[in-house]
Amino acid sequence: YSRAHRFTRLARKLGWPLRDLDKAFIALHPMNEEGIPDITDAFLIQLSHIQRLFVEKNIPVVNLLSLWAYMDHVSYVDHIADGEPEIPSLYAQMFLSKTSESAVFKTLKNQKISEHTAAIAAAFGIGADDVDRLRADPLVIPLISEPNPDPTKPDVLVQDDRLTFENLSRLYRHSLLARIVELPI
């Protein structure tokens, strides 16, 4: 009861819907000394940073959480609202409802980022050249190892062009950060 009460009070104090605070718990996974999920001092400091960005930059909390964790991809059922509507995840809002390529983004199987640059750019609100620049940066999307055609030589490091949820999250995180600090990509 005590944790639920503190959770509700914190959501009200922040002015966030319960689902946003719940998503913050999932993204930041704060733990107390016993390893139990709890509202810790460090978690409150992280929330203060998110709240400040939310107020100053007018960016939704669920988007800001992508700076600390993978992009939100789980729909949320609002049990408090009438009819208990399902609220789509950030990923679904960006890729599954707006793009003509939504079938591609439902499975992400055997696809390449470079083949869907325009859809990714539109979802993130950046230019296609920005997506290409981010994709080519090994600090954004790490290099991967591929077998060398010559088996006597070591594997080769290449740019990861796979269209995966993790890579989309990395691209979004960096595009969002550039938007927040108001710098070009």
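Residues numbered from 1 in each chain as written. Predicted model: local features only at pLDDT ≥ 70, side-chain atom pairs only at ≥ 80, totals over all residues. Heavy atoms only, no water.

A. Highlighting helix α2 (residues 18–28). Turning to α2, its buried residues are Asp20, Leu21, Lys23, Ala24, Phe25, Ala27 and Leu28. Buried residues belonging to α2 abut α1 (2–14), α3 (41–57), α4 (61–64) and β1 (76–77). (Buried < 20%, exposed > 50% of the residue type's maximum accessible area, 1.4 Å probe, protein only. Helix = DSSP H or I, 4+ residues; strand = E, 2+ residues; numbered from the N terminus. Contact = heavy atoms within 4.5 Å.)

B. Summary view of the pattern of salt bridges. This model, assessed by the stated rule, comprises nine salt bridges. Close ionic contact of Asp78 with Arg19 constitutes a salt bridge, the shortest N to O distance being 3.9 Å. One end of the pair, Asp78, is in the loop between β1 and β2 (86–87); the other, Arg19, is in helix α2, with 59 residues separating them in the sequence. Between Arg135 and Asp132 there is a salt bridge, with the nearest N and O atoms lying 3.9 Å from each other. Residue Arg135 and its partner Asp132 are located together in helix α8 (residues 128–136), separated by three residues, close to a single helical turn. Each of Asp129, Asp130 and Arg133 takes part in salt bridges that share partners, so that together they form one network. (Salt bridge = Lys/Arg side-chain N within 4 Å of Asp/Glu carboxyl O.)

C. Seen up close, α8. If you check which residues of α8 are buried, you get Asp130, Val131, Leu134 and Arg135. For α8, the buried positions fall inside an angular range of 135 degrees around the axis, keeping them on one side. (Arc of directions from axis to C-beta.)

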